[in-house]
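Examination of the molecular architecture
Chain by chain, the residues run as shown.
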Amino acid sequence: MTRLETLDALESAVGKRPATAMLKSISQLDGHCLDVLSLSTFGVLGVLSEAGRLSSHTIGGPAGVFHTLEPGRLQLPGLPHAGYGRPAGLVAFVAGWGETLRVNGRLDADTLIVEEAFLHCAKCVLRSRLWSPLVEHEATIERSGTTQSSVLRSGLADPVVSGLLTRAPFATIATADGAGRADISPKGDPSGLVRLLGNGEIGIPDRPGNMRRDTFHNILERPEVSVLALMPGEETVVEVTGTAVVDDDPDLRAIFEVRGNTPVAVMRVRVESALAQRSSAIGAARLWDPKQHVPQGSLPRASRIWTDHVNATIASAKEAPIPALHEPDLAAGLQADYVQNLY
Ligand SMILES: Cc1ncc(COP(=O)(O)O)c(CN)c1O
């Protein structure tokens, strides 16, 4: 095992973060964010507890479930009391749409006080085929009212827990940095995203994404993580908590090869708890019902949103860090990127 423990080691293995990836982050919810949120029916919130532990909570309902009270305050209904001032990150999904919205800040009861927002690229959703017909996922569709719907099982050795965890093509990973800022990042792959590595560890590969690698950077500063695995068609989710390291051991990376592509690094998590639980939010959002998918064209294309976000950040800087982006250039590059650079 070759653990990456310093920023230098991490950057020489996975590369530096490009300026545009960091500049797309804005400090308030703008009109684009509000449009995305108004169509969003489901999200996962990662919360950092006072004891330094991360937890993940699903939130769902009809479109409009994430209600903005004012630009800086986002209401999150149905949250267990998480306490005032706790750092939290939300990843919000629009059914049928590839990109997701990440919003980070602090909780004030059931409100997220926004500190940062940005659009996350669609690659994880494309790889996982999150919105594809359920037959493609061989999902075991749960019928509510059966004993299945109340399963609550724990431990990696439990077949319900390990079965869902290893079949799931999609997961969110909640982490926090040394300054106590929480974040939650979506990850997706064909089935087999999460692998059991033995010795009470799981592994999740690094794949191309929005190039920020917030998860890896956070883990260097604070190893606690909460991973929430989602299986299309199912209302049961598995939450794994533990401590993580970033590893670039070639034998470990080889386990995660897809179509001849080996990830540049793998996140290894020493599991402390693994719990299968029913998410009523998934049912409330009717998340796996294709009829809930938003019609094409309901939102501006992602390149429009990124261009506006990056240019807003550039405009607010004292000295422009890079020249302003031009949307058609970004749109052309993105289309090719989403097809050619998934692995
Ligand atoms: C499996 C997996 N690993 C790593 C990443 C990269 O993360 P980031 O976009 O934060 O660089 C992604 C993209 N979300 C992913 O799906």
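Rules behind the numbers
- Residues numbered from 1 in each chain as written.
- Predicted model: local features only at pLDDT ≥ 70, side-chain atom pairs only at ≥ 80, totals over all residues.
- Heavy atoms only, no water.
- UniProt positions renumbered as here; feature names shortened; annotations may be inferred.
- Helix = DSSP H or I, 4+ residues; strand = E, 2+ residues; numbered from the N terminus.
- Axes fitted to C-alpha atoms, helices over the stretch in contact; angles between N-to-C directions.
- Parallel < 35°, antiparallel > 145°, perpendicular 65-115°, else oblique.
- Left-handed = near helix turned anticlockwise from the far one by under 90°.
- Contact = heavy atoms within 4.5 Å.
- Nonpolar A, V, L, I, M, F, W, Y, C, P; charged D, E, K, R; others polar.
- Salt bridge = Lys/Arg side-chain N within 4 Å of Asp/Glu carboxyl O.
- Buried < 20%, exposed > 50% of the residue type's maximum accessible area, 1.4 Å probe, protein only.
- Near = heavy atom within 4 Å.
- Polar contact = N/O pair within 3.5 Å; in protein donor to acceptor, adjacent residues only side chain to side chain.
- Areas by Shrake-Rupley, 256 points an atom, 1.4 Å probe, with all protein chains shown as cover.
- Arc of directions from axis to C-beta.

1. A look at the UniProt feature "domain: Pyridoxamine 5'-phosphate oxidase N-terminal" (unreviewed entry) in the chain
If you check UniProt for "domain: Pyridoxamine 5'-phosphate oxidase N-terminal" (unreviewed entry), the listed places come out as residues 162–274 in our numbering. Its end C-alpha atoms 9 Å apart, residues 162–274 is made of 18% helix and 45% strand.

2. Overview of the packing of helix α1 (residues 7–14) against helix α6 (residues 214–221)
Interhelical geometry of α1 versus α6 gives an angle of 155 degrees and a closest axis separation of 10 Å. As far as their axial angle goes, α6 and α1 are roughly antiparallel. The crossing of α1 and α6 is right-handed. Across from Leu7, Leu10, Glu11 and Val14 in α1, the residues of α6 making contact are Phe216, His217 and Leu220. Class assignment for the residues of the contact of α1 with α6 results in five nonpolar, one polar and one charged.

3. Some thoughts on the pattern of salt bridges
Counting across every chain of the model gives 24 salt bridges. Where Lys16 meets Glu11, a salt bridge forms, and the shortest distance between an N and an O atom there is 3.1 Å. Residue classification places Lys16 among the exposed positions, given a relative accessible area of 62%. Its salt-bridge partner being Asp337, residue Lys123 comes within 3.0 Å of it at the nearest N-O pair. Of this pair, Lys123 sits in helix α4 (residues 123–128) while Asp337 sits in helix α10 (residues 327–340), and the two are 214 residues apart along the sequence. For Asp337, a relative accessible area of 22% corresponds to the partly exposed category. The structure contains a network of salt bridges with shared partners spanning Arg17, Arg102, Glu116, Asp183, Arg212 and Asp214.

4. Digging into the site of the ligand
Among the 18 residues in the neighbourhood of the ligand, the closest are listed as His120, Arg127, Pro186, Gly188 and Asn210. Within the side chain of Arg127, an N or O atom sits 2.6 Å from an oxygen atom of the ligand. Here an oxygen atom of the ligand and a backbone polar atom of Gly188 are 2.9 Å apart. For the ligand, the protein covers 99% of the area, taking 390 Å² as the surface of the free molecule. Contributing elements (two or more residues each) for the shell around the ligand: α4 and β11 (182–188). Here the shell around the ligand gets four residues from one element, more than from any other, and that element is β11. By residue class, the composition of the shell around the ligand is six nonpolar, five polar and seven charged.

5. A short note on helix α3 (residues 31–39)
Those residues of α3 lying buried are His32, Cys33, Val36 and Leu37. The arc enclosing the buried residues of α3, seen along the axis, measures out at 130 degrees, which places them on a common side. In this fold, the buried residues of α3 make contact with β4 (67–70), β5 (73–75), β6 (87–93), β7 (100–108), β8 (111–120) and α9 (302–316).

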